[in-house]
Amino acid sequence: MSGGAPEGDRQRRERIAENLRAVRERVATACEKAGRSAQDVTIIAVTKTYPASDVRILAGLGVTDVGENRDQEAAPKAAATADLPLTRHFIGQLQTNKAKSVARYADMVHSVDRERLAAALGARARIEGRELCCLVQVNLDPDSAAGVIGPRGGADPRDVPGLADRIAGEEGLVLGGVMAVAPLGGDPAEAFARLRAVAEDIRARYPQARVVSAGMSGDMEAAIENGATHLRVGTALLGDRGPNVG
Ligand SMILES: *Cc1c(COP(=O)(O)O)cnc(C)c1O
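Residues numbered from 1 in each chain as written. Predicted model: local features only at pLDDT ≥ 70, side-chain atom pairs only at ≥ 80, totals over all residues. Heavy atoms only, no water.

- An unreviewed UniProt entry lists the chain under the name Pyridoxal phosphate homeostasis protein, from Nocardiopsis composta.
- What UniProt records for the chain under Cofactor (unreviewed entry) is the sentence "pyridoxal 5'-phosphate".
- In its Sequence similarities (unreviewed entry) section, the UniProt record describing the chain reads: "Belongs to the pyridoxal phosphate-binding protein YggS/PROSC family." (UniProt positions renumbered as here; feature names shortened; annotations may be inferred.)

## A look at the side chain of Thr229
Right, on to step 1. Inspection of the secondary structure assignment puts Thr229 in the loop between helix H8 (220-225) and strand S8 (230-233).
Right, on to step 2. Overall, Thr229 belongs to the buried group, its relative accessible area being 15%.
Right, on to step 3. If we ignore the near neighbours within four places in the chain, the residues touching Thr229 are Arg36, Asp40, Val41, Thr42, Arg210, Val211 and Val212. (Helix = DSSP H or I, 4+ residues; strand = E, 2+ residues; numbered from the N terminus. Buried < 20%, exposed > 50% of the residue type's maximum accessible area, 1.4 Å probe, protein only. Contact = heavy atoms within 4.5 Å.)

## Notes on the pattern of salt bridges
Right, on to step 1. Applying the stated criterion across every chain, the model contains 15 salt bridges.
Right, on to step 2. Between Arg70 and Glu73 there is a salt bridge whose closest N-O contact spans 3.6 Å.
Right, on to step 3. For Arg70, a relative accessible area of 40% corresponds to the partly exposed category.
Right, on to step 4. Among the ionic pairs, Arg166 bridges to Glu115, the shortest N-O distance being 3.4 Å. Residue Arg166 is located in helix H6 (residues 160-168), and its partner Glu115 is located in helix H5 (residues 115-128); the two are separated by 51 residues in the primary sequence.
Right, on to step 5. The partly exposed category is assigned to Arg166, whose relative accessible area is 31%.
Right, on to step 6. Three or more residues are tied together by salt bridges with common partners; here these are Glu68, Arg70, Glu73 and Lys77. (Salt bridge = Lys/Arg side-chain N within 4 Å of Asp/Glu carboxyl O.)

## Examining the site of the ligand
Right, on to step 1. Of all residues adjacent to the ligand, which total 13 residues, the nearest are Lys48, Ser217, Gly234, Thr235 and Arg241.
Right, on to step 2. Between the ligand and the protein, one listed contact pairs an oxygen atom with a side-chain N or O atom of Thr235 at 2.6 Å.
Right, on to step 3. Of the residues that constitute the shell around the ligand, the class distribution is five nonpolar, five polar and three charged. (Near = heavy atom within 4 Å. Polar contact = N/O pair within 3.5 Å; in protein donor to acceptor, adjacent residues only side chain to side chain. Nonpolar A, V, L, I, M, F, W, Y, C, P; charged D, E, K, R; others polar.)

## A short note on the packing of H5 against H6
Right, on to step 1. The contact between H5 and H6 brings their axes to 10 Å, and the two run at 10 degrees. Between H5 and H6, the angle is such that the two are roughly parallel. Along the contact surface, H5 presents Glu115, Ala118 and Ala119, while H6 presents Gly162, Leu163, Arg166 and Ile167.
Right, on to step 2. Partitioned by chemical class, the residues of the contact of H5 with H6 number four nonpolar, one polar and two charged. (Axes fitted to C-alpha atoms, helices over the stretch in contact; angles between N-to-C directions. Parallel < 35°, antiparallel > 145°, perpendicular 65-115°, else oblique.)

## Notes on unusual backbone geometry
Right, on to step 1. Here the phi dihedral of Thr49 falls at roughly 70 degrees; this positive angle occurs in a residue that is not glycine.
Right, on to step 2. Within the element layout of this structure, Thr49 appears in the loop between strand S1 (42-46) and helix H2 (52-60).
Right, on to step 3. For Thr49, a relative accessible area of 7% corresponds to the buried category.

Okay, structure coming up:
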């Protein structure tokens, strides 16, 4: 766990509180513009590269949802903050052999992009006696060829219905909805509009699968405008992570 707080505890808390106010303000403004209720949008604080002490600060400020993208970092941080009443989201690309660990602490896995992973998560969830909410990660990069998982992960939109069926049919898993990362360099609103169409398709068949996880620090307004229910916000809450740390 690198990153973390150069400031003292009190300053760190004040900095995060200020950032959280600003993010909530952005969400409120975007919701108003979109004619939506801010209560229908959950802010997931993405705490990757930041220490467990920041998770504690966030929880103290009323944050209920936290996200991580690497199991090696997420597992010990979840253990160190197990006393906090948090919903834990796993948002990163996931190797099948990590399903065992992630199924122990995650409440929602956003990055299910292939059937083998759904099967592995289901098997582990049953062993743990847990129920894992899973989202189908959708690849919104129009340049990537069918069947090829792009650098940001995700299933080809044409494969999403089959994958949704697989999750819904897997004991131990609950189909929650869809997730995507906007392609680099493109118009996020255009990409999120495509995600919305995929999400509506899934919801027509699985009415309870209402989660649309979209939007990060740089594009949360475009995501809210296009129906996002969950935002994954790191930098805007905790600061720049520096180069090469996802
Ligand atoms: C790191 C990460 C985020 C948060 O990105 P920021 O730009 O720091 O808000 C969101 N989603 C995923 C999948 C990530 O890995």
